[in-house]
Amino acid sequence: MKITVIGTGYVGLVSGTCLAEVGNDVLCLDLDPAKIDTLQNGGMPIFEPGLKEMIRRNAAAGRLHFTTDVERAAHFGTVQFIAVGTPPDEDGSADVRHVVAAARNIGRFMTDYKLVVNKSTVPVGTADAVRAAIEEELAARGIAVPFGVVSNPEFLKEGAAVADFMKPDRIVVGCDDEKAALLVRALYAPFQRNHERLIMMDVRSAELTKYAANAMLATRISFMNELANLAERLGADIEHVRRGIGSDPRIGYDFLYPGAGYGGSCFPKDVKALIHTAAEADVNLRILRAVEAANEAQKHVLGRKIGARFGRDLSGRRFALWGLAFKANTDDMREAPSRAVVADLLAAGASVAAYDPEAMDEARRCFPDAPGLTLAESREAALDGADALVIVTEWKEFRSPDFDDMRARLKTPVIFDGRNLFDPAFVRGRGFEYLAIGR
């Protein structure tokens, strides 16, 4: 099947590459010449485990192509995936201008049937706007060409996106015409040979499903962070509580890990967008407003713990920081808790030596002019002469360090663990003061 993917960001690049992996002929469009040039020359604009090798393999096989030519892309694929960004506006709503612009380009150049698949995370009703934009462009050309529009939200976890696409838990499709439904079933048949994963529904329900899923996961995280803060005050251990409630099959263990708050490109943006959508419909989502407020407060918990231990004035203090990406296995620092921690420490007069296995280039972009912040070449280099270690991201290489070497490098053997990586008794037994989340 010939497929066009509009947008080579996180969702578009993973989707296009995985579709090529099962034999489709895929053309990825992006209006950023530098990004397309990078991809055509074997480079990677993002870090995602396994993606680089898959791109190179399918490009070499002639199944994966990249272009900036809008007209070529509109003609190429019978299926046209829209996977462009929907950044938040100042009021928290999702900006769908790029989605509508992509739809207009399709309508401007299409000459035969197209199935337009909206992969971007968009507010309820966006499929109607996409359909209207294409119809307007066709009318302006004075022609009538059949097309279909479906909603197919993505459920890719950064750091595991390739596996999520190749072996999905579910494939949600919002569709209201039979021809489009048959084409979507054929498109996704290679990804559900073991059992049926396709969940067909109306378009508006599919659009809401994406926001509902991310809002639910964000709610679980904020709830556990609130419980962790309470556990500290009560002298309980949130890790014991987590295991106790997670063993209930009605609750389960997923997304019950307390920490320094959630970040990334999805949860913060989607929670804001759903709150805004509800407000426009005259519905007040009180729980989600609390989720958002709790998360913003949680990002400053480590800063408050450090201030309580070393004093509010941290002038002359130096802190090692492990982890800048919002989660492990990505270089994404959008809304990352590390940004709040670094800001809190620098504002208090401290200096910070930070290290991340993948997000160092992104950190240079996020902190272009931050006196007091240095980016260390390794986790060990960050520790040298620091008053304490602050752990913000749960990278695997942070989970089993050489504690004797750490103690020798640190000026003071203190660890602030924002991801609860270690057993408190073990770490304290190695001579460290250990301050974690809810423990």
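Note: the structure precedes this text.
Below: a short report on this structure.

Conventions used here
- Residues numbered from 1 in each chain as written.
- Predicted model: local features only at pLDDT ≥ 70, side-chain atom pairs only at ≥ 80, totals over all residues.
- Heavy atoms only, no water.
- Buried < 20%, exposed > 50% of the residue type's maximum accessible area, 1.4 Å probe, protein only.
- Helix = DSSP H or I, 4+ residues; strand = E, 2+ residues; numbered from the N terminus.
- Arc of directions from axis to C-beta.
- Contact = heavy atoms within 4.5 Å.
- Pairing = 2+ DSSP bridges.
- Axes fitted to C-alpha atoms, helices over the stretch in contact; angles between N-to-C directions.
- Polar contact = N/O pair within 3.5 Å; in protein donor to acceptor, adjacent residues only side chain to side chain.
- Salt bridge = Lys/Arg side-chain N within 4 Å of Asp/Glu carboxyl O.
- Core = buried A, V, L, I, M, F, W, Y, C linked by side-chain atoms within 4.5 Å.
- Right-handed = clockwise from strand over helix to strand, strands pointing away.
- Left-handed = near helix turned anticlockwise from the far one by under 90°.
- Nonpolar A, V, L, I, M, F, W, Y, C, P; charged D, E, K, R; others polar.
- Phe/Tyr/Trp six-rings, centres within 6.5 Å; stacked < 30°, edge-to-face > 60°.

## Considering helix 10 (residues 238-246)
In step 1: Along helix 10, the residues classified as buried are Ile-238, Glu-239, Arg-242 and Gly-246. Mapping the buried residues of helix 10 onto a view down its axis gives an arc of 105 degrees, with all of them on the same face.
In step 2: In the core, the buried residues of helix 10 are packed alongside helix 9 (203-234).

## Observations concerning the sheet that holds strand 12 (residues 388-391)
In step 1: The strand order 11-10-9-12-13-14 describes an open sheet built from six strands, whose pairing is parallel. Two strands in the sheet have a free side with no partner beyond their single neighbour: strand 11 (373-375) and strand 14 (433-435). On average, each strand axis in the sheet is inclined to that of its neighbour by 20 degrees, with strand direction left out of account.
In step 2: Running at roughly 155 degrees to strand 13 (residues 414-417), helix 13 (residues 301-310) makes contact with strand 9 (318-322), strand 12, strand 13 and strand 14 of the sheet.

## Notes on helix 3 (residues 51-60)
In step 1: Among the residues of helix 3, Leu-51, Met-54, Ile-55 and Asn-58 are the ones counted as buried. For helix 3, the arc enclosing every buried residue in end-on projection is 100 degrees, short of the 170-degree limit, so these residues lie on one face.
In step 2: Taken together, the buried residues of helix 3 touch helix 1 (10-21), helix 2 (33-40), strand 3 (64-67) and helix 7 (161-166).

## Things to note about the side chain of Gln-80
In step 1: Relative to the assigned elements, Gln-80 resides in strand 4 (residues 79-82).
In step 2: One polar contact links the side chain of Gln-80 to the main-chain carbonyl oxygen of Ala-74, over a distance of 3.2 Å.
In step 3: Aside from chain neighbours lying at most four places away, what touches Gln-80 is Thr-4, Ile-6, Ala-73, Ala-74, Ile-106, Lys-114, Leu-115, Val-116 and Val-117.

## With respect to the pattern of salt bridges
In step 1: Scanning the model with the defined rule gives 32 salt bridges in all.
In step 2: A salt bridge links Glu-335 to Lys-299, with the shortest nitrogen-to-oxygen separation between them at 3.6 Å. With Glu-335 in the loop between strand 9 and helix 14 (337-347) and Lys-299 in the loop between helix 12 (286-298) and helix 13, this pair connects stretches of sequence that are 36 residues apart.
In step 3: Residue class for Lys-299 comes out buried when judged on its relative accessible area of 5%.
In step 4: In the salt-bridge network here, residues are joined through shared partners; they are Arg-104, Arg-108, Glu-136 and Glu-137.

## Overview of the nonpolar core
In step 1: Judged by nonpolar contacts, the single largest core of 61 residues is most densely connected at Phe-319, Leu-389 and Ile-415.
In step 2: Sequence-distant contacts of Leu-389, defined by excluding residues within four places in its chain, comprise Ala-320, Trp-322, Leu-383, Met-406, Leu-410, Val-414, Ile-415 and Phe-416.
In step 3: By size, the runner-up hydrophobic cluster in this structure holds 41 residues, among which are Ala-83, Val-162, Leu-183 and Phe-191.

## Some words on the pairing of strand 4
In step 1: Here strand 4 shows no split at all, with Val-79 and Phe-81 on one side and Gln-80 and Ile-82 on the other all buried.
In step 2: In this sheet, strand 4 lies alongside strand 1 (residues 2-6) in parallel orientation, the contact comprising four bridges. Across the sheet, Ile-3 pairs through a bridge with Val-79, a residue of strand 4.
In step 3: Here strand 4 pairs with strand 5 (residues 114-118) via four bridges, running parallel. When the sheet's bridge partners are listed, Val-79 is paired in strand 5 with Leu-115.
In step 4: In this region the chain leaves strand 4, passes through helix 5 (residues 97-109) and returns to the parallel neighbour strand 5; the handedness of that crossover is right-handed.

## Some details on the packing of helix 5 against helix 6 (residues 126-141)
In step 1: One way to put it is that helix 5 packs onto helix 6 with a least axis distance of 8 Å and a crossing angle of 35 degrees. Considering the relative orientation of helix 5 and helix 6, their crossing is right-handed. Along the contact surface, helix 5 presents Val-99, Val-100, Ala-103, Arg-104, Gly-107, Arg-108 and Phe-109, while helix 6 presents Thr-126, Ala-129, Val-130, Ala-133, Ile-134, Glu-136, Glu-137, Leu-138 and Arg-141.
In step 2: In terms of residue class, the contact of helix 5 with helix 6 is made up of nine nonpolar, two polar and five charged.

## Quick notes on the packing of aromatic side chains
In step 1: Applying the stated criterion across every chain yields a total of 13 aromatic pairs.
In step 2: Relative to Phe-432, the ring of Phe-403 has its centre 5.9 Å away and its plane inclined at 70 degrees; by these criteria the two rings are edge-to-face. Taken as a pair, Phe-403 in helix 17 (residues 403-409) and Phe-432 in the loop between helix 18 (424-429) and strand 14 lie far apart in primary sequence, 29 residues in all.
In step 3: Judged by its relative accessible area of 4%, Phe-432 falls in the buried class.

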